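A closer look at the structure
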Amino acid sequence: NLLPRSSTVSITSAKLVAKELLTHSLSGTLITNQERFFRHDGAQDLDQERLLRLLEQSFGAPMIPNFFESIQNNILAVYRSELYHACAIITNQAGIPYLSKFAVSQSVQMEGLGRRMWQQIQSDFPSLIWRSRKSNVRLRADALHRCTCIVVSPPYVLLFAISLPVIGDGDGDDGDGDGAGAARV
């Protein structure tokens, strides 16, 4: 492997090369030397400055002072990509895994980094809640197909991905004698 992990190769026609290079819409085939992901149980082993820069750049605003100290007792997991191009922070809110932050650097959007991170989070936390401001149309559009339930509570849209294991043997009867099936949350 001769290319550094940050390398990306795009194969496109001469006609579409400007669109490929100057926009976020893919016009060809993108080949990346994918960054690895790491999961941490807290923020103490992270480069917190790099993580804060990514979060502030993604959200377009400074994080609250002492952000990591304010959540340290509730962190369930912090995911980050090898080069700090993407991160996600899962906290415990009243016993429920809550996606507190999810960020992907604009410079690597369209490379699938966010999708790969989401798949890992979904694997680790089949039931998860998160929220989005109603005004965040881009995030909401992406999140809508990932959730199983939506609650609108201005100024937020609350989204839930809930794994509902079926009780019983798959015959549609949960065994309680009423002939009906049930799902448990």
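Check the entry above for the structure.
Read on for an overview of the structure. Note that this is a predicted model, so its numbers are computed, not measured.

With that out of the way, let us pick up the pattern of salt bridges. Opposite charge on two side chains lets them pair, provided their charged atoms get close. Inspection of the entire model under this criterion finds two salt bridges. Glu82 is the partner of Arg36 in a salt bridge, and the nearest nitrogen-oxygen pair spans 2.6 Å. Of this pair, Arg36 sits in the loop between strand 2 (29-32) and strand 3 (37-40) while Glu82 sits in the loop between strand 4 (75-81) and strand 5 (86-93), and the two are 46 residues apart along the sequence. Exposure remark for Arg36: the relative accessible area of 43% places this residue in the partly exposed category. Using a relative accessible area of 18% as the deciding quantity, one classes Glu82 as buried. Residue Asp124 pairs with Arg39 through a salt bridge whose shortest N-O separation is 3.2 Å. Of the two residues, Asp124 sits in helix 4 (residues 113-124) while Arg39 sits in strand 3, which places them 85 residues apart along the sequence. A relative accessible area of 28% means that Asp124 is categorised as partly exposed. Accessibility expressed as a relative area gives 41% for Arg39, which makes it partly exposed.

Right, let's get into unusual backbone geometry. One non-glycine residue with positive phi stands out, namely Tyr84, at about 60 degrees. Checked against the element boundaries, Tyr84 lands in the loop between strand 4 and strand 5.

Here we take up helix 2 (residues 48-59). Its 12 residues place the ends of helix 2 16 Å apart at the C-alpha level, agreeing with the 16 Å of an ideal helix rising 1.5 Å per residue. For helix 2, the set of buried residues is Leu51, Leu52, Leu54 and Leu55. Buried positions in helix 2, seen along its axis, are confined to an arc of 160 degrees and lie on one side of it. Facing away from the buried side of helix 2 by more than 90 degrees, the exposed set consists of Glu49 and Arg53. Downstream of helix 2 by one or two residues, Gly60 has phi in the positive range, about 70 degrees.

With that out of the way, let us pick up helix 4. For helix 4, with 12 residues, the first-to-last C-alpha span of 17 Å sits near the 16 Å given by 1.5 Å per residue. Turning to helix 4, its buried residues number three or more, namely Leu113, Gly114, Arg116, Met117, Trp118 and Ile121.

As a further point, take the packing of aromatic side chains. Evaluation of the coordinates by the stated rule reveals three aromatic pairs. Geometrically, the ring pair formed by Phe102 and Trp118 is edge-to-face, given 6.4 Å between the ring centres and 70 degrees between the ring planes. Here Trp118 lies in helix 4 and Phe102 lies in strand 6 (residues 96-104), a separation of 16 residues in the sequence. Under the relative-accessibility criterion, Trp118 is labelled buried at 5%. Ring geometry for Trp118 versus Trp130: centroids 5.1 Å apart, planes at 70 degrees, classification edge-to-face. Of this pair, Trp118 sits in helix 4 while Trp130 is found in strand 7 (residues 128-133), placing the two residues 12 residues apart along the sequence. The pair Trp118 / Trp130 is uniform in exposure class, with both members buried. One aromatic cluster is present, formed by Phe102, Trp118 and Trp130 through successive ring pairs. The ring of Phe59 has Lys101 sitting right over it, with the charged end atom 5.0 Å from the ring centre.

Moving on to the environment of Pro155. Looking at the element boundaries, Pro155 is found in the loop between strand 8 (149-153) and strand 9 (156-161). You can call Pro155 partly exposed: its relative accessible area is 44%.

With that settled, the discussion passes to the environment of Leu51. Of note, Leu51 is situated in helix 2. Every residue in contact with Leu51, bar those within four places of it in the chain, is listed here: Leu46, Phe68, Val78, Tyr84 and Cys87.

Calculation criteria
- Residues numbered from 1 in each chain as written.
- Predicted model: local features only at pLDDT ≥ 70, side-chain atom pairs only at ≥ 80, totals over all residues.
- Heavy atoms only, no water.
- Salt bridge = Lys/Arg side-chain N within 4 Å of Asp/Glu carboxyl O.
- Helix = DSSP H or I, 4+ residues; strand = E, 2+ residues; numbered from the N terminus.
- Buried < 20%, exposed > 50% of the residue type's maximum accessible area, 1.4 Å probe, protein only.
- Expected span 1.5 Å × (residues − 1).
- Arc of directions from axis to C-beta.
- Phe/Tyr/Trp six-rings, centres within 6.5 Å; stacked < 30°, edge-to-face > 60°.
- Lys NZ or Arg CZ within 6 Å of the ring centre and 35° of its normal.
- Contact = heavy atoms within 4.5 Å.

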